[in-house]
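What follows is each chain in one-letter form.
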Amino acid sequence: MTGMYESSGLLVNHWYAAGQSKQFRKNIPVSVTIFEIPIVLWRQENGILTALLDRCNHRNAPLSKGRILNDCIVCPYHGWTYDPSGQCVEIPSEGPHAERIPNKKVESFPVKEAYDLVWIWMGRDKMPDNEPFEMPIMKEHGWHYYYMETRFENNVTDLVENFMDVPHTVFVTDSVLVSYDQPNDSIGLSGWLVNPKNLPMKHTDNFYMPNNTRVDYIFGENERGFIITSTCTPVRPFETIVYTLISYKFGWMTPIAKLGLNAYTRKVINQDVWIMDIHGKNIQKFGNTDYRSTQCDYMHLYIESLRNWAESPADKPAPAPIVRDIEFWV
Ligand code: FES
């Protein structure tokens, strides 16, 4: 049987976010699913994280339902115990006979912590050859940030398209840049809060292969700003967890923004959850190939073509870059 992992081609050869660092506490197993692969993570006493396939070698029980003892994970069924490398180190029924322990390890996955997230390398047949996507946690004075975690019932391709707006577009090979030339562009937040001096705004949308988007609104010469960055983790074909980083710098309005911004951004994302859920359900009924498009869909078509190519690259070259200026109404 071919599962999501096997049919995802080169898309698996990347780091995928498994959660926020603060969610992983010492000695507590956490189960996550990425590309339909169940994985258990735990933080050792020294703070280092371990990720193993969530499957006991003995009879396939989920290790994540077990407990951590001396940095090892103990299977909840018959107590086989695995060290952080996945090596079985104890079988209770065999007493002191360590020589009877099978030497087959439970599969382990490389783990990294960066940008307050935990990332797992999903290229099971390939050593990591790239880095986790750089989430723009602004360290400069005046910037603040927080994460939101949202579960969507849709696939990564449709989600990243949804997170990008409608384009005036420059395309490059493994990413998509959209810059806007709209004198009256606004971001939906109250102008008096974000941009009381009515400074000129620079608005850009970026897509980065295979699963990341970044939308920037910068006011004046970086005097104020609002940046929404999303990294998508595929759970199943129509289930995706999105980690959204909200970075903002609103000057003296920042304390007021802190009071309401979280609720506001949650409300906006919940609208996306709704439309993405009903859209995803209809794609499952009707498929996603018989579409009709206009020039406003160029960006979406290109993102799709990049991800489709990565899914089944065969010997084909990656889709060629395109540059287009288009006119559209919002
Ligand atoms: S299934 Fe894990 S110890 Fe038996």
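Note that this is a predicted model, so its numbers are computed, not measured.

## A closer look at the overall build of the chain
Assigned secondary structure in the chain consists of four helices and 18 strands. When contacts within the chain are restricted to residue pairs at least 6 apart in sequence, those whose partners lie at least 24 apart make up 60%. If you sum the accessible surface of the chain, you get close to 17100 Å²; carbon and sulfur atoms cover 53% of it.

## Description of the pattern of salt bridges
One pass over the full model with this rule turns up ten salt bridges. Lys112 is paired through a salt bridge with Glu131; the nearest N and O atoms lie 2.8 Å apart. Taken together, the residues span a long stretch of sequence, with Lys112 in strand β9 (residues 111–114) and Glu131 in the loop between β10 (117–121) and β11 (144–152) at a distance of 19 residues. For Glu131, a relative accessible area of 55% gives the class exposed. As a salt-bridge pair, Arg292 and Asp290 come within 2.9 Å of each other at their nearest N and O atoms. Residues Arg292 and Asp290 agree in their burial class; the two are exposed. Each of Arg151, Arg236 and Glu239 takes part in salt bridges that share partners, so that together they form one network.

## Quick word on the pairing of strand β16 (residues 224–236)
For β16, the buried fraction is high: eleven of the 13 residues fall into the buried class. For strand β15 (residues 212–219) and β16, the ladder comprises eight bridges, and the chain directions are antiparallel. Within the sheet, the bridge partner assigned to Thr213 lies in β16 and is Ser230. Linking β15 to β16, which pair antiparallel, is a turn of four residues; within it Gly220 sits at a positive phi near 60°. Bridging between β16 and strand β17 (residues 239–249) involves eleven bridges; their strand directions are antiparallel. Counted as the bridge partner of Thr231 is Tyr243 from β17.

## Here's the deal with the environment of Phe207
By the secondary structure assignment, Phe207 is in strand β14 (residues 201–208). It is 7.8 Å that separates the C-alpha atoms of Phe207 and Ile303, two residues lying 96 residues apart in sequence.

## So, the side chain of Glu161
If you trace the backbone, Glu161 turns up in helix α1 (residues 156–163). Among all residues touching Glu161, those that are not within four sequence positions of it are His300, Ile303 and Glu304.

## What to know about a nonpolar patch on the surface
On the surface, a cluster of nonpolar side chains totalling about 310 Å² of accessible area is made up of Trp274, Ile275 and Ile278. Of note, Ile278 is situated in helix α3 (residues 254–286).

## A few points about the packing of α1 against helix α4 (residues 298–311)
At a minimum axis separation of 10 Å, α1 and α4 run at an interaxial angle of 150°. If you check the angle between α1 and α4, you find them roughly antiparallel. Taken as a pair, α1 and α4 cross one another with a handedness that is right-handed. Only His300, Ile303, Glu304 and Arg307 of α4 make contact with α1, whose side of the interface consists of Val156, Thr157, Val160 and Glu161. Among the residues making up the contact of α1 with α4, the classes are represented as three nonpolar, two polar and three charged.

## Comments concerning α4
Helix length check: α4, at 14 residues, gives a terminal C-alpha distance of 20 Å against a target of 20 Å (1.5 Å per residue), a fit within 8%. Those residues of α4 not exposed but buried are Met299, Tyr302, Ile303, Glu304, Leu306, Arg307 and Ala310.

## Focus on the sheet that holds strand β5 (residues 67–69)
Reading across the sheet, the four strands line up as β5-β6-β7-β8 and stay open at both edges, with antiparallel pairing between neighbours. At either margin of the open sheet sits one strand with a lone partner, and together these are β5 and β8 (88–90).

## As for the packing of aromatic side chains
Throughout the structure, instances matching the rule amount to nine aromatic pairs. For the pair Tyr146 and Tyr248, a centre-to-centre distance of 6.3 Å together with 65° between the ring planes defines the contact as edge-to-face. A residue pair is termed long-range when its members are at least 10 positions apart, and Tyr146 in strand β11 and Tyr248 in strand β17 qualify at 102 residues. Under the relative-accessibility criterion, Tyr146 is labelled buried at 13%.

Basis of the calculations
Residues numbered from 1 in each chain as written. Predicted model: local features only at pLDDT ≥ 70, side-chain atom pairs only at ≥ 80, totals over all residues. Heavy atoms only, no water. Helix = DSSP H or I, 4+ residues; strand = E, 2+ residues; numbered from the N terminus. Contact = heavy atoms within 4.5 Å. Areas by Shrake-Rupley, 256 points an atom, 1.4 Å probe, with all protein chains shown as cover. Salt bridge = Lys/Arg side-chain N within 4 Å of Asp/Glu carboxyl O. Buried < 20%, exposed > 50% of the residue type's maximum accessible area, 1.4 Å probe, protein only. Pairing = 2+ DSSP bridges. Patch = residues over 30% accessible without salt bridge, like charges linked within 9 Å, V, L, I, M, F, W, Y side chains within 5 Å. Axes fitted to C-alpha atoms, helices over the stretch in contact; angles between N-to-C directions. Parallel < 35°, antiparallel > 145°, perpendicular 65-115°, else oblique. Left-handed = near helix turned anticlockwise from the far one by under 90°. Nonpolar A, V, L, I, M, F, W, Y, C, P; charged D, E, K, R; others polar. Expected span 1.5 Å × (residues − 1). Phe/Tyr/Trp six-rings, centres within 6.5 Å; stacked < 30°, edge-to-face > 60°.

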